[in-house]
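# A closer look at the structure
Letter by letter, the chains look like this.
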Protein chains: 2
Amino acid sequence: MPKETFHNLPASKQQKLVDRFLREFSIHRYDDASISAVLKDLGIAKGSFYQYFESKLALFLYLQGICGTQKAKYVMQVKREDFPDFWQYFRKLYEEGIQFDQQHPLMSNFLHQIIHHIHSPTIKKLYDTWLDQIMAALTAWVQHEVDLGLFRKDIAVKSMAFFLFKITTSIMEYMRLIYGLEVEENIKKGLPVYADENGATLMKAVDEYILLLQSTFDKQ
Amino acid sequence: MPKETFHNLPASKQQKLVDRFLREFSIHRYDDASISAVLKDLGIAKGSFYQYFESKLALFLYLQGICGTQKAKYVMQVKREDFPDFWQYFRKLYEEGIQFDQQHPLMSNFLHQIIHHIHSPTIKKLYDTWLDQIMAALTAWVQHEVDLGLFRKDIAVKSMAFFLFKITTSIMEYMRLIYGLEVEENIKKGLPVYADENGATLMKAVDEYILLLQSTFDKQ
DNA sequence: TAAGAAAATGACTGCCCAGTCATATTTTTG
DNA sequence: CAAAAATATGACTGGGCAGTCATTTTCTTA
């Protein structure tokens, strides 16, 4: 998505740009994020930026791409078949998430805020289709557990998928409201999202989630 | 919150303004809503508006106030003690909500979108405290059921309250993803949010919610 | 080292916004 | 009916934004 000019840049300058923009989109929604402000901050001319990227959207999609790819490296190594039940698998995914979070805090910040970009008028449509894809993936996930005889059959798979989606995407909010952990502060500072003792609070929250979700999802 | 001048206006003009602004804030988040655009639309001068309201925020709070008051009239008549269990009470609240929705569609639209205004930088702080209040109320609600011996005791009351909060505020999204019901289209048109057959789809969704939440919340 | 290619620059366009204020119009009142 | 009070008006301020483009600077290469 970036132009050739961007790739020709010294790696350090590329990194500087990427980092600063990850930060911008972590703090502000798409429409509120200001390219002008970032460039002023970095001492880079407006015109230069547009030699690197076609548009704001191209930049945003690029960032989303690299973060997604990087996170996938962590999450993809966790395989469902290595776990006896869904919840141990689920838990392990979060453990990997914490690794990613600590090793790539800025990317982690960016990805955590992505759900909020839905509310940006300019990219709403983009996110509607993206949401549909997520839902399709989650539905397949849940269906698999139903097929294994582990999840209940009396509730529509899609409904369960929606619950899972809604609850998992709100874990940050959960941590703020339940533990008073100001996760957004960490993001503003560019620290790992779950900066407390290697994510101990997050794992506590995950375990609480599991307790709740188990009784909702598991076959009795 | 409005100035005296606003109250001196003929009722029909007041209504015209209120309706149009409810619509504006239903379609756009606080920061994206444009006073200028609305006034142009209504053929009212910028200066006049500022004789009616101190500021954009004063207007917004006024709208929030009148909508909240009106909805309370519907919801407050439903009393917990008139129902044998929480879920019948819960269900009845939604039935009243549908009444309100059909009789005051614009207000209903406004209130449904209010949760999205959280993401507006300008009023974020306002909403943070508002959220805390909602959570406190929900927590008391859940605590009451625990005290009655109807809800489980092994999960923190606050956590259950959070689940309830998160799930109930996403029912519109649920209806879009599960039933393909384009609720936002209704809002854009100023129709009742649940414009299909007196809210039949909503009640179906509520019943599905209850089925799911029951197994999560009820004492076994 | 000179010419041509690549990259950097920032003033500029055209758009949007909330809020102000001196002036003009309308309404009230004595 | 005239003076005073209330209301209406819209050009204007100062701010922000994405994106453009003619010009300058730097780098490459022959």
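Below, the structure is looked at part by part. (Residues numbered from 1 in each chain as written. Chains lettered and ligands numbered in written order. Predicted model: local features only at pLDDT ≥ 70, side-chain atom pairs only at ≥ 80, totals over all residues. Heavy atoms only, no water.)

### Focus: the environment of Glu145(B)
The criterion, for reference: Only DSSP runs of H or I reaching four residues or more are called helices, and only runs of E reaching two or more are called strands; each is numbered from the N terminus. Every residue pair with non-hydrogen atoms within 4.5 Å of one another is taken to be in contact.
Among the secondary structure elements, Glu145(B) is positioned in helix 8 (residues 124-147). Those residues in contact with Glu145(B) that lie beyond four places of it in its chain are Arg80(B), Phe86(B), Leu150(B) and Phe151(B).

### Here we look at the protein's contact with DNA strand D
Defined as follows: Throughout, near means a residue has at least one heavy atom within 4 Å of the molecule or strand. As used in this structure description, the phrase polar contact means that two N or O atoms lie within 3.5 Å; if the pair is within protein, one of them must be able to donate a hydrogen and the other to accept it, and residues adjacent in sequence are counted only when both atoms belong to side chains. Gly is placed with the polar residues, together with every amino acid not listed as nonpolar (Ala, Val, Leu, Ile, Met, Phe, Trp, Tyr, Cys and Pro) or charged (Asp, Glu, Lys and Arg).
Around DNA strand D sit 19 residues, and of these Ser34(A), Asn8(B), Gly47(B), Ser48(B) and Gln51(B) come closest. A distance of 2.8 Å is found between a phosphate oxygen of DNA strand D and a side-chain nitrogen or oxygen belonging to Ser36(A). Gln51(B) places a polar side-chain atom, nitrogen or oxygen, 2.5 Å from a base nitrogen of DNA strand D. Residue assignment for the surface near DNA strand D shows that the elements contributing at least two residues are helix 3 (35-42) and helix 4 (46-52) of chain A together with helix 1 (4-8) and helix 4 (46-52) of chain B. Tallying contributions element by element places helix 4 of chain B first for the surface near DNA strand D, with 5 residues. Along the lines of polarity and charge, the residues of the surface near DNA strand D split into 6 nonpolar, 9 polar and 4 charged.

### Quick look at the packing of helix 5 (residues 56-75) of chain B against helix 6 (residues 86-103) of chain B
Residues and elements named next belong to chain B. We count it as follows: To define axes, lines are fitted to C-alpha atoms, for helices over the stretch in contact only, and angles between the resulting N-to-C directions are given on a 0 to 180 degree scale. Oblique is the label for every angle not falling under 35 degrees (roughly parallel), over 145 degrees (roughly antiparallel), or within 65 to 115 degrees (roughly perpendicular). In this scheme, a crossing is called left-handed if the near helix is turned counterclockwise away from the far one by less than a right angle; it is called right-handed if the turn is clockwise.
Close contact between helix 5 and helix 6 brings their axes to 9 Å; oriented N to C, the two are set at 130°. In terms of axis orientation, helix 5 runs oblique to helix 6. Here helix 5 runs over helix 6; the crossing is right-handed. Contact residues: helix 5 offers Cys 67, Gln 70, Lys 71, Tyr 74 and Val 75, while helix 6 offers Leu 93, Glu 96, Gln 99, Phe 100 and Gln 103. Residue classes in the contact of helix 5 with helix 6 are distributed as 5 nonpolar, 3 polar and 2 charged.

### Considering the interface of chain B and chain A
Convention followed: By buried area we mean the combined loss of accessible area, with a 1.4 Å probe, across both parts when two parts are placed together. A pair is scored as a salt bridge if a Lys or Arg side-chain nitrogen falls within 4 Å of a carboxyl oxygen belonging to Asp or Glu.
With 35 residues of chain B at the contact, the number on the chain A side is 34 residues. For the pair chain B and chain A, the two sides together bury roughly 3,300 Å², of which 66% comes from carbon and sulfur. Where chain B touches chain A, the interface holds 6 salt bridges. Summed over the shared surface of chain B and chain A, the result is 7 residue pairs in polar contact (both at pLDDT 80 or more). Residue assignment for the side of chain B that touches chain A shows that the elements contributing at least two residues are helix 8, helix 9 (157-168), helix 10 (171-179) and helix 12 (200-217) of chain B. Looking at the side of chain B that touches chain A, the element that brings in the most residues is helix 12 of chain B, giving 8 residues. For the side of chain B that touches chain A, a count of residues per class yields 16 nonpolar, 6 polar and 13 charged.

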